[in-house]
Amino acid sequence: AAGVIQSPRHLIKEKRETATLKCYPIPRHDTVYWYQQGPGQDPQFLISFYEKMQSDKGSIPDRFSAQQFSDYHSELNMSSLELGDSALYFCASSLDRGGNTIYFGEGSWLTVV
Amino acid sequence: AQSVTQPDIHITVSEGASLELRCNYSYGATPYLFWYVQSPGQGLQLLLKYFSGDTLVQGIKGFEAEFKRSQSSFNLRKPSVHWSDAAEYFCAVVPGGTSYGKLTFGQGTILTVHP
């Protein structure tokens, strides 16, 4: 079965640069979630989108922005990168936000040097 | 404040032994409860979930969990551990009635399995 696809899987950026992560949800899923997992940390909810509109917001820095496009894929844009942004970024998707299990992608590793 | 606690950071068991991973939550009302497993460098896989009803929940890979309201706990169990179960396990909750995707995770428990 198709899963959540994230790209790139690994990314190395320098401080103050910009990075963009992409997420392709499971077909027919209309809700996308982004999580950040720092080294040795538990995943932290960043933001979610339902039907291309932001539905929830967590601990997402102002330097980060995200959107969901008409084909339901989502992109997380991170600017003015800091060393502390180095983390594993997960995308997850679900079929509507109200009552279904969410499925996680394998994550995108961002290293800021 | 609402929180999820996994008291054990690291657990080591022998292959074939039984396993129990603890999870406690602090929420005003019964939240929705989940257990996820994460292998090194991999994504999060859902093992099982509890929304309501029968307090003993069966999941994949032979795992089960029991919801105990009186103890605010949702402990994960497996009667006989296999070497492939070595991974990190996360308990996660969502306040009842909210988006199922806005999970709050516990700190995780790393499981090591000795042959």
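The rules behind each value
- Residues numbered from 1 in each chain as written.
- Chains lettered and ligands numbered in written order.
- Predicted model: local features only at pLDDT ≥ 70, side-chain atom pairs only at ≥ 80, totals over all residues.
- Heavy atoms only, no water.
- Core = buried A, V, L, I, M, F, W, Y, C linked by side-chain atoms within 4.5 Å.
- Buried < 20%, exposed > 50% of the residue type's maximum accessible area, 1.4 Å probe, protein only.
- Helix = DSSP H or I, 4+ residues; strand = E, 2+ residues; numbered from the N terminus.
- Contact = heavy atoms within 4.5 Å.
- Salt bridge = Lys/Arg side-chain N within 4 Å of Asp/Glu carboxyl O.
- Pairing = 2+ DSSP bridges.
- Axes fitted to C-alpha atoms, helices over the stretch in contact; angles between N-to-C directions.
- Polar contact = N/O pair within 3.5 Å; in protein donor to acceptor, adjacent residues only side chain to side chain.
- Phe/Tyr/Trp six-rings, centres within 6.5 Å; stacked < 30°, edge-to-face > 60°.

Engineer: Help me understand the nonpolar core in this model?
Structural biologist: Inside soluble globular proteins, nonpolar side chains tend to come together where they are buried. All names here are of chain B. By size, the foremost hydrophobic cluster in this structure holds 27 residues, and its most contacted members are Trp 35, Leu 48, Leu 76 and Tyr 89. Every element with two or more residues in this core is listed here: strand E2 (10–14), strand E3 (19–21), strand E5 (32–38), strand E6 (44–50), strand E8 (64–68), strand E9 (73–78), strand E10 (87–94) and strand E12 (109–114). Setting aside residues no more than four positions away along its own chain, Leu 48 makes contact with Leu 33, Phe 34, Trp 35, Val 57, Gln 58, Gly 59, Phe 63, Glu 64, Ala 65, Phe 74 and Leu 76.

Engineer: Is there a simple way to explain the pattern of salt bridges in this structure?
Structural biologist: Close approach of charged atoms lets side chains of opposite charge pair. In the structure shown here, the tally under the stated rule is 10 salt bridges over all chains. The residue A:Arg63 makes a salt bridge to A:Glu82 at a minimum N-O spacing of 3.4 Å. With A:Arg63 in the loop between strand E6 (53–57) and strand E7 (64–68) and A:Glu82 in the loop between strand E8 (74–78) and strand E9 (87–94), this pair connects stretches of sequence that are 19 residues apart. Residue class for A:Glu82 comes out partly exposed when judged on its relative accessible area of 41%. Taking the shortest distance from any N to any O, the salt bridge between B:Arg77 and B:Glu66 comes out at 3.1 Å. Here the residue B:Arg77 occupies a position in strand E9, and B:Glu66 occupies one in strand E8, the gap between them amounting to 11 residues. Overall, B:Arg77 belongs to the partly exposed group, its relative accessible area being 23%. Among the residues examined, B:Glu66 registers a relative accessible area of 23% and is labelled partly exposed. Each of A:Arg63, A:Glu82 and A:Asp85 takes part in one network of salt bridges that share partners.

Engineer: Could you clarify how one ought to interpret the sheet that holds E7(A) in this entry?
Structural biologist: Whenever strands of a sheet pair, they do so through backbone hydrogen bonds, lying parallel or antiparallel. All names here are of chain A. The strand order across the open sheet built from 4 strands is E1-E3-E8-E7, with neighbouring strands paired in antiparallel fashion. What marks the edges here is a single partner per strand, and that holds for strand E1 (5–7) and E7. Looking at each pair of strands side by side, their axes are set apart by 15° on average, direction ignored. Taken together, the 5 bridges between E7 and E8 define a ladder with antiparallel strand orientation. In the strand pairing of E8, Ser 65 is matched with Asn 77.

Engineer: When you look at the side chain of A:Ser93 in this model, what are you seeing that I'm missing?
Structural biologist: All names here are of chain A. Checked against the element boundaries, Ser 93 lands in strand E9. Looking at Ser 93, its side chain comes within polar contact range of the main-chain nitrogen of Ile 26, at 3.3 Å. Within the structure, Ser 93 has its side chain in polar contact with the side chain of His 29 (distance 2.8 Å). What Ser 93 contacts, discounting residues up to four positions off in sequence, is Val 4, Pro 25, Ile 26, His 29, Thr 31, Val 32, Tyr 33, Thr 101, Ile 102 and Tyr 103.

Engineer: Any chance you could explain the packing of aromatic side chains here in plain terms?
Structural biologist: Between two aromatic rings, the relevant description is the distance of the centres plus the angle of the planes. Using the criterion set out here, one finds 16 aromatic pairs over all chains in the structure. Grouped by ring-pair contacts, the aromatic residues A:Tyr35, A:Phe45, A:Phe90, A:Phe104, B:Tyr32, B:Phe34, B:Tyr36, B:Phe51, B:Phe90 and B:Phe105 constitute a single cluster.

Engineer: I would appreciate a short explanation of the environment of A:Ser7 in the present structure.
Structural biologist: Tracing the backbone shows A:Ser7 in strand E1. Separated by 18 residues in sequence, A:Ser7 and A:Pro25 place their C-alpha atoms 12 Å apart.

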